[in-house]
Amino acid sequence: MNLSKSRPFHIASLLIVIIILAGLGSSLLKFKNSIQDIQKNVGTTPHEIRYQLHQSISQVALIEQEMWLRKRYSLPYNSRSMINRTEQLKYRIVNIRGTWGALDTNLDKSHLWKEIDEFEKQTLALETLLRSPFDDELEYTRQLSYQVLKLKIVNAEMFSQGSKFLRHHTENYVTKLSNVATAINVLIVVFILFLGVLSYFLLLIFKQRNKLNRLSKEDPLTQLYNRRQFNVHLRQAVERYNRTRTPVTLIVFDVDFFKMFNDSMGHVAGDKALQVISKRLASFNKEISGLDSYRVGGEEFACIYSGLEYEDGQTLAETIRTAIEDLSIPHKLSTISDNITVSVGVAHSSQFDVATMDSLYSAADQALYQAKEHGRNQSCQFKTD
Ligand SMILES: Nc1nc2c(ncn2[C@@H]2O[C@H](COP(=O)(O)OP(=O)(O)OP(=O)(O)O)[C@@H](O)[C@H]2O)c(=O)[nH]1
């Protein structure tokens, strides 16, 4: 994977994620507002309007009833009580206007305003009549009954128009509500899909990252740690030694006469032999806690072990050397054995006042050279002068 090429892809993915999240956020906000809107315009406000309309009906019914009682018991009509009732009706009209005004609807309300105006006109006419002096009681009673009747008729009309309007309005909102519900369903599906796609891409990115991370540390032929990781670990071990005096043993070894092995057996067999040796080293890593093995060159390997004393370094080197010989990989052209052997060099941090990566590595390499010089298939410890 080309990292420089994948950067625009990552930026684009990030932008898409941000846009989708922003879209989801604003949709949820709209959804919350819609719910509040529906609550107000389908619940609270229509309920209040219905209450006001019913109140006006009962108020007019009370006026009519009082008229009838006054007629029956020959009481005066233009009493304070009757005038009070019309005043309450006027107050009711103000409330009716207010509640209708608060209803947020896209339906035309103009005919409702006309009904309310007419109702108010008839209420005022009744009030004027009640406040007016009269001479002819019979005629006055007739006019009053007629006015109450008119008031009752416009009241009934206002009530029926209002109820009809509220029914349409509610149906309208229920449609809107079902649209909102559909939108929410779509939103949920989109969100789930988005989460699915996001998880898939995240998984892909993590897998790629892990793979890249592993490849940057691993030797492709043997799956041992590579030279780069060897450098990192050796630097850390040496720094720790200089800080805390935790001893570091460095073992480097090289297959004997490997050129001849390749020449006689072929490169593929050479590769296979390197893999078999590496597998044995990998099992050492598991068996000996704190030991790490590396392929540091073509047929050159290294082991780092922190915590081992100087005297035990060569014992470990010998263990590794004999284990490789015991693999019994036939080497026909070797002049020292029938099988593949290795020569090993060992260096120990205690051999330096201030150890460095280079000094330790160069010491182990010198010891390896000594092992080769002395006939191969053996291990040598670095000797200080
Ligand atoms: N098959 C195979 N051969 C490799 C690989 N890397 C290096 N080699 C071979 O390892 C051989 C190393 O040869 P030399 O450095 O001459 O050492 P040698 O033949 O092992 O002899 P001494 O080290 O002196 O015992 C070369 O022929 C390289 O081609 C690899 O990955 N696979």
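Residues numbered from 1 in each chain as written. Predicted model: local features only at pLDDT ≥ 70, side-chain atom pairs only at ≥ 80, totals over all residues. Heavy atoms only, no water.

Per an unreviewed UniProt entry, the chain is named diguanylate cyclase, and its organism is Marinomonas balearica. Under the UniProt heading Catalytic activity (unreviewed entry), the entry covering the chain gives this text: "2 GTP = 3',3'-c-di-GMP + 2 diphosphate". Among the UniProt annotations of the chain, the heading Cofactor (unreviewed entry) holds the following wording: "Mg(2+)". (UniProt positions renumbered as here; feature names shortened; annotations may be inferred.)

As for the overall build of the chain
Within the chain, the secondary structure is distributed over nine helices and five strands. When the helices and strands of the chain are listed from N to C terminus, the series reads α-α-α-α-α-β-α-α-β-β-α-β-α-β. Residues counted as buried form 37% of the 385 residues belonging to the chain. Within the chain, counting contacts between residues at least 6 apart in sequence, those at least 24 apart form 72% of the total. In the form shown here, the chain has an accessible surface area of approximately 22,100 Å², with 59% of it arising from carbon and sulfur atoms. (Helix = DSSP H or I, 4+ residues; strand = E, 2+ residues; numbered from the N terminus. Buried < 20%, exposed > 50% of the residue type's maximum accessible area, 1.4 Å probe, protein only. Contact = heavy atoms within 4.5 Å. Areas by Shrake-Rupley, 256 points an atom, 1.4 Å probe, with all protein chains shown as cover.)

Here's the deal with the site of the ligand
Around the ligand sit 16 residues in total, of which F258, K259, N262, D271 and R295 are the nearest. Here F257 contributes a backbone N or O atom positioned 2.9 Å from an oxygen atom of the ligand. When isolated, the ligand has an accessible area of 670 Å², and the protein chains bury 67% of it. Those elements that place two or more of their residues in the shell around the ligand are β1 (248–255), α6 (258–265) and α7 (267–287). Tallying contributions element by element places α7 first for the shell around the ligand, with four residues. Within the shell around the ligand, the residues separate by chemical class into four nonpolar, four polar and eight charged. (Near = heavy atom within 4 Å. Polar contact = N/O pair within 3.5 Å; in protein donor to acceptor, adjacent residues only side chain to side chain. Nonpolar A, V, L, I, M, F, W, Y, C, P; charged D, E, K, R; others polar.)

Focus on helix α5 (residues 227–244)
For α5, spanning 18 residues, the distance from its first C-alpha to its last is 25 Å, which sits close to the expected 26 Å at 1.5 Å a residue. Within α5, burial applies to Q229, F230, H233, L234, A237, V238 and Y241. Along the long axis of α5, the arc covered by the buried residues comes to 160°, so they all point the same way. Opposite the buried face of α5, at more than 90 degrees from it, the exposed residues are R228 and R243. Looking at the buried residues of α5, the elements they touch are α4 (137–217), β1, β2 (291–295), β3 (300–306) and α9 (357–373). Phi for R245, located one or two positions after α5, is positive at around 65°. (Expected span 1.5 Å × (residues − 1). Arc of directions from axis to C-beta.)

Topic: the pattern of salt bridges
According to the stated counting rule, one finds 20 salt bridges in the structure shown. In this structure, the salt-bridge partner of E118 is K121, at a minimum N-O distance of 4.0 Å. Of the two residues, E118 and K121 are both situated in helix α3 (residues 110–131); the distance of three residues between them amounts to about one turn of the helix. Classification of E118 as partly exposed rests on a relative accessible area of 28%. Given the relative accessible area of 52%, K121 is considered exposed. For D254, the salt bridge identified is with K372, shortest N-O distance 2.9 Å. Of this pair, D254 sits in strand β1 while K372 sits in helix α9, and the two are 118 residues apart along the sequence. The pair formed by D254 and K372 is uniform in burial state, with each residue classed as buried. (Salt bridge = Lys/Arg side-chain N within 4 Å of Asp/Glu carboxyl O.)

Digging into the packing of helix α2 (residues 80–102) against α3
Where α2 meets α3, the axes come as close as 10 Å, and the angle between the chain directions of the two elements is 165°. On the basis of the axis angle, α2 is roughly antiparallel to α3. Crossing handedness for the pair α2 and α3: left-handed. In this structure, α2 contributes R80, M82, I83, T86, E87, L89, K90, I93, I96, R97, W100 and G101 to the contact, and α3 contributes L112, W113, I116, D117, F119, E120, T123, L124, L126, E127, L130 and R131. When its residues are assigned to classes, the contact of α2 with α3 shows 13 nonpolar, three polar and eight charged. (Axes fitted to C-alpha atoms, helices over the stretch in contact; angles between N-to-C directions. Parallel < 35°, antiparallel > 145°, perpendicular 65-115°, else oblique. Left-handed = near helix turned anticlockwise from the far one by under 90°.)

Thoughts on the nonpolar core
Ranked by internal contacts, the top residues of the largest apolar core, which has 27 residues, are W100, F119, L126, L130 and L144. Listed by contribution, the elements that provide at least two residues to this core are α1 (3–72), α2, α3 and α4. Top contributing element to this core by residue count: α4, with eight residues. Setting aside chain neighbours within four positions, we find L130 in contact with Y77, N78, M82, I83, T86, Y140 and L144. One finds I251, A273, F301 and I320 within the second-largest nonpolar core, a separate group that totals 26 residues. (Core = buried A, V, L, I, M, F, W, Y, C linked by side-chain atoms within 4.5 Å.)

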